[in-house]
Amino acid sequence: MAVCLACGRHQIEPFLSFGRMPMADAFVDPASPGEEFFFNLAVGRCPGCTMVQLCERVPDARMFHDAYAYFSSTSARMRDHFARFAGEIIGRVADRAGAFVVEIGCNDGIMLDAFRDAGVRHLGVDPAGNVLAAARDRGLTVRQSFFTRDSAADIAAAHGPADVIAAANVVCHVADIHSLFDGVVRLLTADGLFIFEDPYVGAIVAQNAIDQIYDEHVFYFSAASVHGLAAAHGLELVDVTAQPVHGGELRYVLARGGRHAPSPRVEEWLSREAESGLGAAGTYAAFARRAAGIRDRLIAAIDGAAARGRRVAGYGATAKSSTIINYCGLGPAQVAFIADVTPGKQGKLTPGAHIPVRPPEYFRASPPDEAVLFAWNHEREILAKESWFAARGGRWLTYVPDVRYIPPDSASHA
Ligand code: DWN
């Protein structure tokens, strides 16, 4: 059994195993399929610090490389979200001449754009060369590397300390979390802020979002677990706010101990989690039982559609979809293809299940009768974009928070 990556003191107690799974973003090129890498996807909870985390991990270099599949800028709604996030940071540093903002895991520069436009000195750090090239093409200042205690020291030497270090959907991906936090402590100014957001384990549990669990998501944070992690590095959690993206995230603001007065929201989130039993073993045992029910009902819904002679496809070849597709044992016989706007995914096969990925134009030219919304976190945007589909009788099938057809003219996930 693995020892907790966060507190290092207790063995993780596994609560949900998906079995042998491929890497979620390892799309297969049918022209040169190669050998796929599989690992045991299981998630557990630390009985001491309550951190929820993967029990077995894939090496970073296998996941984050020069052919990373995910480009952040594919969603218009996420572009708006990051413009607002950057605006908030710019507001915080507006009174500091020469302020410096570092973004860890900047991907294609979806958030950095706003700093460039506002004339704020910035640096994006990301290990994936292909997404970084897109950021560089947009005139952004970037550096190709993981963010570690060593690379943070190099950044500090080259650029000076950072007033704000930001990260979105990144910190939960980093197994060597202590190296990242050491780097933050090394690079931040005395009054600097470390602001990051990640999928909230409370939302994952409440919404039965089992497909948020995959190789890249090493940690499933709560306010309590981040509070403990921060304290271990002399940092203090000074604010927590909910963000309505990716199925529900929390944004955490950390500062050096005693440098910023904590918002009352911190205590509110900690109390709410304690009262709801978010850290308790029973919460996750119940979640695991619900996961099996969702798997069975999704298989039944797709098989039922086929039995009625209806053709089923998918929408959004998300990293998340790898978990639900492979957990359900689906393949091209059940889901004919998955539409996705990302050019690098189109023409490829999904990891493990080998379902073809096609452009949205194919979905429009050859519409299925039913579409499984694998990008359920982009429901409103996709249903609006493809409103013709329901209008001509197509049905959207979701599995979050449970398996059901989405009624026309309604979108439950923002
Ligand atoms: O943490 C992570 C999140 C933020 O991004 C990474 N580990 C990997 C990735 O996860 P994901 O692939 O599950 O993220 P999304 O944002 O749910 O992926 C959406 C997918 O759907 C993309 O492949 C793009 C596609 N899409 C589309 O085809 N049409 C998205 C929209 C909004 C659309 O209109």
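Quick caveat: nothing in here was measured; it's all calculated off a predicted structure.

S.K.: Is there a simple way to think about the site of the ligand in this case?
M.R.: Of all residues adjacent to the ligand, which total 27 residues, the nearest are E216, K320, D340, K345 and K385. The side chain of E216 places a nitrogen or oxygen atom 2.6 Å from a nitrogen atom of the ligand. Measuring from an oxygen atom of the ligand, one finds a backbone N or O atom of V341 at 2.8 Å. When the ligand is considered free in solution it has 700 Å² of accessible area, and contact with the protein chains removes 98% of it. Across the shell around the ligand, the residue classes tally to nine nonpolar, eleven polar and seven charged.

S.K.: Help me out: how do you make sense of the packing of helix α5 (residues 149-159) against helix α6 (residues 177-187) in this one?
M.R.: Think of two packed helices as two axes; the pair is described by the angle between the axes and how far apart they sit. At their nearest, the axes of α5 and α6 sit 7 Å apart, and the two run at 20° to each other. Here α5 lies roughly parallel to α6, going by the angle between them. α5 and α6 meet at a crossing whose hand is right-handed. The segment α5 lies against α6, with R149, A152, A153, I155 and A156 engaging H178, S179, D182, G183, R186 and L187.

S.K.: For this particular structure, what's the right way to read the sheet that holds strand β10 (residues 235-243)?
M.R.: Sheets are built from strands that pair by backbone hydrogen bonding, the pairs being arranged parallel or antiparallel. Strand order across the open sheet formed by seven strands is β6-β5-β4-β7-β8-β11-β10, with mixed pairing between neighbours. In the strand order of this sheet, the two ends are held by β6 (142-144) and β10, each with one partner. Between one strand axis and the next, the sheet turns through 20° on average, direction left out of account. Bridging between strand β4 (residues 100-104) and strand β7 (residues 162-168) involves four bridges; their strand directions are parallel. Bridging across to β7, I104 finds its partner in A167. Across the sheet, helix α4 (residues 129-137) touches β5 (121-126) and β6, and the angle it forms with β6 is around 165°.

S.K.: Looking at this structure, I do not really get helix α11 (residues 319-327). What am I missing?
M.R.: An α-helical segment advances 3.6 residues per turn. Residues three or four places apart therefore align on the same side. The element α11 is largely enclosed, with a buried count of nine among its nine residues. Those residues of α11 not exposed but buried are A319, K320, S321, S322, T323, I324, I325, N326 and Y327. Where α11 is buried, its residues touch β1 (13-22), β2 (38-45), α10 (281-307) and β13 (338-339). Positive backbone phi, at 65°, marks G329, one or two positions downstream of α11.

S.K.: What is the right way to look at the pattern of salt bridges in this model?
M.R.: Two side chains that carry opposite charge are able to pair once their charged atoms sit near each other. Taken as a whole, this structure holds 17 salt bridges when the rule is applied. Among the ionic pairs, D163 bridges to R96, the shortest N-O distance being 3.3 Å. On the criterion of sequence distance, the pair formed by D163 in strand β7 and R96 in the loop between α2 (76-93) and β4 is long-range, its members being 67 residues apart. Accessibility expressed as a relative area gives 11% for D163, which makes it buried. Residues joined in a network through salt bridges with shared partners are D108, D113, R116, D117 and R138.

S.K.: It is not clear to me how the sheet that holds β2 should be interpreted in this structure. Could you clarify?
M.R.: Pairing is antiparallel in the open sheet, where four strands are placed in the order β1-β2-β3-β9. Strands with a single pairing partner mark the edges of an open sheet, and in this sheet they are β1 and β9 (219-220). When β2 meets strand β3 (residues 52-54), the two strands line up antiparallel, connected through three bridges. Along β3, the bridge assignment pairs G44 with Q53. Contacts between α10 and the sheet are confined to β1, β2 and β3, with β1 contributing the most and set at about 35° to the helix.

S.K.: Any chance you could explain the environment of M1 here in plain terms?
M.R.: Considering the arrangement of structural elements, one finds M1 in the segment before β1. Taking the C-alpha atoms as reference, M1 lies 30 Å from I104; in sequence the two are 103 residues apart. Non-local contacts of M1, meaning those with residues more than four positions away in its chain, are made with Q11, I12 and P14.

S.K.: Before we go on, may I ask you to explain the pairing of strand β12 (residues 312-315) in this structure?
M.R.: Consecutive residues of a regular strand have side chains that alternate between opposite faces of the sheet. Side chains V312 and G314 project from β12 onto one buried face, and the interleaved A313 and Y315 project onto a second face that is buried too. Direction of pairing for β12 relative to strand β15 (residues 370-373): parallel, over a ladder of four bridges. Residue G314 lies in a different strand from β15, and its bridge partner there is V372. Of the strand pairs in this sheet, β12 and β13 are connected by two bridges, and their pairing is parallel. When the sheet's bridge partners are listed, G314 is paired in β13 with I338.

S.K.: Would you mind showing me how to read the packing of aromatic side chains here?
M.R.: Here the distance between the centres and the angle between the planes together describe a pair of aromatic rings. Evaluated as defined, the whole model comprises 21 aromatic pairs. Pairing F219 with F221 gives two aromatic rings, centres 5.7 Å apart and planes at 10°, and the pair type is stacked. Comparing F219 with F221, the two get one shared label, buried. An aromatic cluster is built from F181, F194, F196, F219, F221 and Y252, whose rings are joined through pairwise contacts. Taking the ring centre of W376 as reference, the NZ or CZ of K320 above it sits at 5.9 Å. Looking at R358, its charged tip hangs above the ring of Y362, at a distance of 5.6 Å from the centre.

Parameters and conventions
- Residues numbered from 1 in each chain as written.
- Predicted model: local features only at pLDDT ≥ 70, side-chain atom pairs only at ≥ 80, totals over all residues.
- Heavy atoms only, no water.
- Near = heavy atom within 4 Å.
- Polar contact = N/O pair within 3.5 Å; in protein donor to acceptor, adjacent residues only side chain to side chain.
- Areas by Shrake-Rupley, 256 points an atom, 1.4 Å probe, with all protein chains shown as cover.
- Nonpolar A, V, L, I, M, F, W, Y, C, P; charged D, E, K, R; others polar.
- Axes fitted to C-alpha atoms, helices over the stretch in contact; angles between N-to-C directions.
- Helix = DSSP H or I, 4+ residues; strand = E, 2+ residues; numbered from the N terminus.
- Parallel < 35°, antiparallel > 145°, perpendicular 65-115°, else oblique.
- Left-handed = near helix turned anticlockwise from the far one by under 90°.
- Contact = heavy atoms within 4.5 Å.
- Pairing = 2+ DSSP bridges.
- Buried < 20%, exposed > 50% of the residue type's maximum accessible area, 1.4 Å probe, protein only.
- Salt bridge = Lys/Arg side-chain N within 4 Å of Asp/Glu carboxyl O.
- Phe/Tyr/Trp six-rings, centres within 6.5 Å; stacked < 30°, edge-to-face > 60°.
- Lys NZ or Arg CZ within 6 Å of the ring centre and 35° of its normal.

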